[in-house]
Amino acid sequence: LRNFTLDQTGRNDTIRTEDISLVSNIHGRERRLERNILRAELQAAIKYGRKENANPGREGTPRWRYTYNGVVYITDETSRHEITSWRIDGKDNSVAPAVLELGGLGSHAVLIVDSSGSMRKNDVPGYNSRAHAVYDCLAKD
């Protein structure tokens, strides 16, 4: 991977934005697709964005958070491996929540259950996983 140095302002104007290398993974590509983020926006975030320490990875490894032009981009400690990204500028084509007027005619609820890796943990007594516990509680309650 190509290394580059930043000038005293924290920017690098000697390398073209499209030449900034980054290594994508399936999760990162899926999030970009869902959130309407282009690879070039991540490259620009590395080149021009505000760089801050991000929350560490699962094993405690350091990560960086770049914020630039409405995009937040999380990388590994080398700033080359894409972890995830999201928009803060509202350009992600999100569907706005529906406004309902119940008027005493009944109601509906939409429940969203986390399906991240932590939901596979076996730490709820009587259940194989957190997810099983949640679904059982939803069914019974």
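To keep things clear, this report deals only with the structure shown in the data block. Since the model is a prediction, treat every value here as computed from it, not as a measurement. Throughout this description, residue numbers start from 1 for each chain and increase along the sequence as written. This being a predicted model, a pLDDT of at least 70 is required before a residue's local features are given, and a value of 80 or more before pairs of side-chain atoms are given or counted; all residues contribute to the totals for chains, interfaces and linings. Processing note: side-chain calculations cover all non-hydrogen atoms of the structure and skip hydrogens and water entirely.

**Overview of the overall build of the protein**
Consideration 1: The numbering of helices and of strands both runs from the N terminus, where a helix is a DSSP run of H or I of at least 4 residues and a strand a run of E of at least 2. Counting secondary structure elements, the protein contains three helices and four strands.
Consideration 2: N-terminal to C-terminal, the α/β element order of the protein is α-α-β-β-β-β-α.
Consideration 3: Expressed as a percentage of the 141 residues in the protein, the buried residues total 29%.
Consideration 4: Taking the contacts inside the protein whose residues are at least 6 apart along the sequence as the reference set, 38% of them involve residues at least 24 apart.
Consideration 5: Throughout, the Shrake-Rupley method with a 1.4 Å probe supplies accessible areas, and for residues the shown protein chains are the sole cover considered. As displayed, the protein offers around 10,300 Å² of accessible surface, 52% of which is attributable to carbon and sulfur atoms. For each residue, the accessible area found with a 1.4 Å probe, counting protein chains only, is set against the maximum for its type, and the residue is called buried under 20%, exposed over 50%, and partly exposed in between. Any two residues whose heavy atoms approach within 4.5 Å at even a single point are treated as in contact.

**Here we look at unusual backbone geometry**
Consideration 1: Even without being glycine, Asn36 reaches a positive phi, approximately 55°.
Consideration 2: Unlike most non-glycine residues, Asn69 shows phi in positive territory, near 50°.
Consideration 3: Looking at the element boundaries, Asn69 is found in the loop between β2 (63-68) and β3 (71-76).
Consideration 4: Residue classification places Asn69 among the exposed positions, given a relative accessible area of 62%.

**Some details on the sheet that holds β2**
Consideration 1: Here a strand pair is declared whenever DSSP counts at least two bridges between the two strands. Here we have four strands laid out as an open sheet, ordered β1-β2-β3-β4, and antiparallel in their pairing. If you trace the sheet from one side to the other, it starts and ends with β1 (50-53) and β4 (82-87), each paired once. Across the sheet, the axes of successive neighbouring strands diverge by a mean angle of 20°, strand direction being ignored.
Consideration 2: Of the pairings in the sheet, the one linking β3 to β4 comprises five bridges and is antiparallel in character. Along β4, the bridge assignment pairs Thr75 with Glu82. Only the stretch in contact is used when a helix axis is fitted, and all axes are lines through C-alpha atoms; the angle between N-to-C directions ranges over 0 to 180 degrees.

**A word on the packing of aromatic side chains**
Consideration 1: Stacked, tilted and edge-to-face are the three classes applied to pairs of Phe, Tyr and Trp rings, where Trp contributes its six-membered ring and a pair requires centres within 6.5 Å; stacked means planes under 30 degrees apart, edge-to-face means over 60, and tilted covers the rest. Counting across every chain of the model gives two aromatic pairs.
Consideration 2: Sitting over the ring of Trp64, Lys51 keeps its end group 4.2 Å from the ring centre. When the NZ atom of lysine or the CZ atom of arginine is within 6 Å of a ring's centre and also within 35 degrees of its normal, the charge is said to sit over that ring.

**Considerations on the environment of Asp123**
Consideration 1: Secondary-structure assignment places Asp123 in the loop between β4 and α3 (130-140).
Consideration 2: Sequence spacing of Asp123 and Ala133 is ten residues, and the spatial spacing of their C-alpha atoms is 9.9 Å.
Consideration 3: By the criterion applied in these results, polar contacts are pairs of N or O atoms within 3.5 Å in which, for protein atoms, one can donate a hydrogen and the other can accept it, and in which residues neighboring in sequence qualify only through two side-chain atoms. Among the polar contacts made by the side chain of Asp123, one reaches the side chain of Arg130 at a distance of 2.7 Å.

**Some thoughts on a nonpolar patch on the surface**
Consideration 1: Judged by side-chain polarity, Leu111, Tyr135 and Leu138 come together as a nonpolar surface patch covering roughly 330 Å² of accessible area.
Consideration 2: Along the chain, the position of Leu138 falls in helix α3.
Consideration 3: What makes Leu138 partly exposed here is its relative accessible area of 39%. Within the patch definition used here, like charges are joined within 9 Å and nonpolar side chains (Val, Leu, Ile, Met, Phe, Trp, Tyr) within 5 Å, considering only residues with over 30% relative accessible area and no salt bridge. A pair is scored as a salt bridge if a Lys or Arg side-chain nitrogen falls within 4 Å of a carboxyl oxygen belonging to Asp or Glu.

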